[in-house]
Amino acid sequence: MNIAVIGSGAREQAIVAALCRSPQQPRVYCYGTSHNPGIMQMTQEYCVGDITQVDEVVKKIQDWQIGLAIIGPEGPLEKGLADALWQVAVPTVGPKKKLAEIETSKGFARDLMRKYQLPGLPPYKTFAIINGVETFLKELGEGNYVVKANGLMGGKGVKVAGDHLHSFAEALAFCQEIFAQGQTIVIEKKLIGQEFSCMCFCDGERIVPMPIVQDHKRAFVDDKGPNTGGMGSYSDADFGLPFLTEKEIATAWEINASIMHALTEELHDKYIGILYGSFIATAQGVYVIEFNARFGDPEALNVLTILESDFVTLCQSLVTGNLTLDQVVFSPKATVCKYAVPNGYPDAPVKNVEIDISAVKNKAHLYLSAVDAVDGKIMALGSRTAAYVGVADSISAAEEIAEKEVCGIAGPVFHRLDIGTERLIQRRVDEMRRLHDS
């Protein structure tokens, strides 16, 4: 079977690796934005281009005689690539354009939750002009709001009061900045607690969860510094997290299932692919931060590394509407993912610098991201460079492996030393205990 993967980052390398572990031994093709040598060594053919140019991607997929496509990033989903592929009879893992609005329009997601009375919705309002913004900010209170661009902003469209915005004047200036880019905004109440990711496989009718993961957005140790695309993440051997209760996890799963059914009812179409709820556990219960319409990155690296199921069969079940719980099996192991990123990342990263991965021992768990293969060299392009996933019986043991191996990535890069450490996890546990006791 010929399978195409759209995208060429670490997430897509994890997808390709999972496909290549299948006993069906599919022929895998990739349409990416740069030459990722980690993916290239596993694929039959590899094409570099603009993955949001739908017509060009579809033409190449037809040339390759593809029987199944998997869309990695959100950009092609927003442009309707899934719609175009289904129109030429290529079954696709990844929702159609209107369904993908659950990610590409934060206002749509919030309004859908309100219309279908789903739990986990914080107080919010959407704005297309500045009028009324200051009044609502003051209603929520100083230091008690979050400003979000309604559409995709490459992870840079959200600022939180107290962390990034230190006055109403700064908040209003950020709103004007978003309006100037032709976007609308969502302003909502700031939530205090622990964030976690709950990703699920969806076949349009049934939904099956993956292990819970916690990502780390801040650039530096102890959750300091600017927000990033994600510096790393971890999952536990019991598929939960040490600071979450079973009830909190069950609530997140139920909200994911409810939003999938709400999308079907609202849009009269089936949601096929990955639904990823980003949640926060608070003293008042579990709330939704946002939804994504694809695998998270880095979260995909954690879960796909320990996926025991035949991923080809699983993807076929998604596109044919035959998903069952027993098809989704993960190894009962803990994982810790650490990203090496360019010096200066995210605000002023060095670009087009060489990295050397020869010192990394187990390259099966090394995932290259924003890199380009040039004349036998691996060049870091300026965004997150490469990730390593440690796998063990406990989070702390997995962290030791990840830390040792990520240090083998040589070049002008850095990583967060604390992700998955016992000290950081204990701090999370203590914070949640304080919230529950308050």
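Within any chain, residue numbers begin from 1 and follow the written order of that chain's sequence. Only residues with pLDDT of at least 70 are given local features in this predicted model, and only at 80 or more are side-chain atom pairs given and counted; all residues enter the totals for whole chains, interfaces and linings. Water and hydrogen atoms play no part in the side-chain values, which are based on all heavy atoms of the structure.

(A) Region of interest: the overall build of the protein. Secondary structure is summarised from DSSP: a helix means a run of H or I of at least four residues, a strand means a run of E of at least two, and numbering begins at the N terminus for each. A tally of regular secondary structure across the protein gives 14 helices and 24 strands. Note on method: radius of gyration uses C-alpha positions; expected globular size equals 2.2 Å times residues raised to 0.38. Since a compact globule built from 438 residues should have a radius of gyration of about 22 Å, the 21 Å found for the protein is in line with a globular shape. Overall, the protein is about 55 × 50 × 45 Å in size when its C-alpha atoms are taken along their principal axes. Expressed as a percentage of the 438 residues in the protein, the buried residues total 57%. Contacts in the protein between residues far apart in sequence, at least 24 positions, make up 69% of those at least 6 positions apart. Approximately 17400 Å² of the protein is accessible, and the part contributed by carbon and sulfur atoms is 49%. Per-residue accessibility, obtained with a 1.4 Å probe over protein chains only, is compared with the maximum for each type, and a residue is labelled buried under 20%, exposed over 50%, and partly exposed between these values. Any two residues having at least one pair of non-hydrogen atoms within 4.5 Å are treated as being in contact. Method for areas: the Shrake-Rupley scheme with a 1.4 Å probe, in which residue coverage is limited to the protein chains shown.

(B) Region of the structure containing the pattern of salt bridges. Whenever Lys or Arg places a side-chain nitrogen within 4 Å of a carboxyl oxygen from Asp or Glu, that contact is recorded as a salt bridge. Inspection of every chain in the model, using the stated rule, returns 29 salt bridges. With a closest N to O distance of 2.6 Å, Glu 103 and Arg 294 form a salt bridge. Of this pair, Glu 103 sits in helix α6 (residues 97-104) while Arg 294 sits in the loop between β17 (285-292) and α11 (299-305), and the two are 191 residues apart along the sequence. Close ionic contact of Asp 223 with Arg 428 constitutes a salt bridge, the shortest N to O distance being 2.9 Å. Here Asp 223, found in the loop between β13 (218-220) and β14 (224-227), pairs with Arg 428, found in helix α14 (residues 422-437); they are 205 residues apart in sequence, far enough to count as distant. Asp 223 gets classed as partly exposed once you look at its relative accessible area, which sits at 24%. When salt bridges with common partners are traced through the structure, they connect Asp 222, Asp 223, Arg 416, Asp 418, Arg 423, Arg 427, Arg 428 and Glu 431 into a single cluster.

(C) Highlighting the packing of aromatic side chains. Two rings from Phe, Tyr or Trp (for Trp, the six-membered ring) form a pair when their centres sit within 6.5 Å of each other. Planes less than 30 degrees apart are called stacked, planes more than 60 degrees apart edge-to-face, and all others tilted. Scanning all chains against the criterion turns up seven aromatic pairs. Aromatic pair Tyr 145 and Phe 168: ring centres 5.9 Å apart, planes at 25°, arrangement stacked. Taken together, the residues Tyr 145 in strand β7 (residues 145-149) and Phe 168 in helix α9 (residues 168-180) connect sequence positions 23 residues apart. Comparing Tyr 145 with Phe 168, the two get one shared label, buried. Seen in terms of ring centroids, Phe 239 and Phe 330 are 6.3 Å apart; in terms of plane orientation they differ by 65°. Their pairing is edge-to-face. Placement of Phe 239 in the loop between β15 (232-235) and α10 (246-267) and of Phe 330 in the loop between α12 (311-320) and β18 (334-342) is noted, with a sequence separation of 91 residues between them. By relative accessible area, which is 28% here, Phe 239 ends up partly exposed. The criterion for a charge sitting over a ring is simple: Lys NZ or Arg CZ within 6 Å of the ring centre, and within 35 degrees of the ring normal. Between Arg 384 and the ring centre of Tyr 339, over which it is positioned, the NZ or CZ distance is 4.5 Å.

(D) Region of the structure containing the nonpolar core. Note on terminology: a nonpolar core comprises buried Ala, Val, Leu, Ile, Met, Phe, Trp, Tyr and Cys residues joined through side-chain atoms within 4.5 Å. Counting residues in hydrophobic clusters, the biggest one holds 125 residues, and the most contacted among them are Ile 102, Phe 201, Phe 295, Leu 304 and Phe 311. For this core, the leading source of residues is α10, giving seven residues. The next biggest cluster of nonpolar side chains, apart from the first, holds 19 residues, and it includes Phe 127, Phe 136, Leu 172 and Phe 179.

(E) Looking closely at the environment of Gly 151. As for its placement among the helices and strands, Gly 151 is situated in the loop between β7 and β8 (158-160). The exposure class of Gly 151 is buried, given its relative accessible area of 11%. Beyond its immediate stretch of four places on either side in the chain, Gly 151 contacts Thr 104, Lys 106 and Gln 183.

(F) Representation of the packing of α6 against α10 in the model. Between α6 and α10, the least distance of the axes is 10 Å, while the angle of their chain directions is 135°. Considering their axes alone, α6 and α10 lie oblique with respect to each other. As α6 runs across α10, the sense of the crossing is right-handed. Where α6 approaches α10, its residues Lys 98, Leu 99 and Ile 102 are matched on the opposing element by Ile 259, Leu 263 and Leu 267. Lines fitted to the C-alpha atoms define the axes, with helices restricted to the stretch that makes contact. Angles between their N-to-C directions range from 0 to 180 degrees. Each angle receives one of four descriptions, namely roughly parallel if under 35 degrees, roughly antiparallel if over 145, roughly perpendicular if within 65 to 115, and oblique otherwise. Here is the rule for handedness: rotate from the far helix to the near one, and if that takes an anticlockwise turn smaller than a right angle the crossing is left-handed, while a clockwise turn gives right-handed.

(G) The sheet that holds strand β11 (residues 207-209), seen in detail. A sheet is described by the order of its strands in space; here four strands give the open sequence β11-β10-β16-β17, paired in antiparallel fashion. Strand pairing shows two members of the sheet lacking a second neighbour, β11 and β17, which therefore form its edges. Here the strands of the sheet are splayed against their neighbours by 35° on average, with no regard to which way each runs. Strands were regarded as paired on the criterion that DSSP finds at least two bridges between them. The pairing of strand β16 (residues 272-282) with β17 spans seven bridges and is antiparallel. Bridging from a neighbouring strand, Ala 281 pairs with Val 286 of β17. Those strands touched by α14 are β10 (193-203) and β16, and its axis lies near 100° from that of β10.

(H) The side chain of Asn 256, seen in detail. With respect to the helices, strands and loops of the structure, Asn 256 is situated in helix α10. Only 2.9 Å separates the side chain of Asn 256 from the backbone oxygen of Cys 198, close enough to count as a polar contact. With sequence-adjacent residues up to four places away left out, Asn 256 is seen in contact with Cys 198, Cys 200, Ile 207, Leu 275, Gly 277, Phe 279 and Phe 291. For the purposes of these results, a polar contact is taken to be a pair of N or O atoms within 3.5 Å, where, inside protein, one atom must be able to donate a hydrogen and its partner to accept one; residues adjacent in sequence count only when each atom of the pair is a side-chain atom.

(I) Main features of the sheet that holds strand β21 (residues 371-374). With respect to topology, three strands assemble into an open sheet ordered β19-β22-β21, the strand pairing being antiparallel. The open sheet has two edge strands, β19 (353-355) and β21, and neither has a second partner. Adjacent strand axes in the sheet meet at a mean angle of 45°, parallel and antiparallel pairs treated alike. Pairing geometry for β21 and strand β22 (residues 377-380), over four bridges, is antiparallel. Each bridged residue has a counterpart across the sheet, and for Asp 372 the counterpart in β22 is Met 379.

(J) Unusual backbone geometry, seen in detail. Look at the link from Tyr 345 to Pro 346: it is a cis peptide, with omega at 5°. Residue placement: Pro 346 occurs in the loop between β18 and β19. Phi at Phe 239 is positive, roughly 70°, even though this residue is not glycine.

(K) The arrangement of the packing of α6 against helix α7 (residues 106-115) in detail. Relative to each other, α6 and α7 sit at 95°, their axes nearing to 6 Å. Between α6 and α7, the interaxial angle falls into the category roughly perpendicular. Contacts between α6 and α7 pair Lys 98, Glu 101, Ile 102, Glu 103 and Thr 104 from the former with Lys 106, Phe 108, Ala 109 and Leu 112 from the latter. Looking at the contact of α6 with α7, its residues break down into four nonpolar, one polar and four charged. The nonpolar class holds Ala, Val, Leu, Ile, Met, Phe, Trp, Tyr, Cys and Pro. Asp, Glu, Lys and Arg form the charged class, and all remaining residues, Gly among them, are polar.

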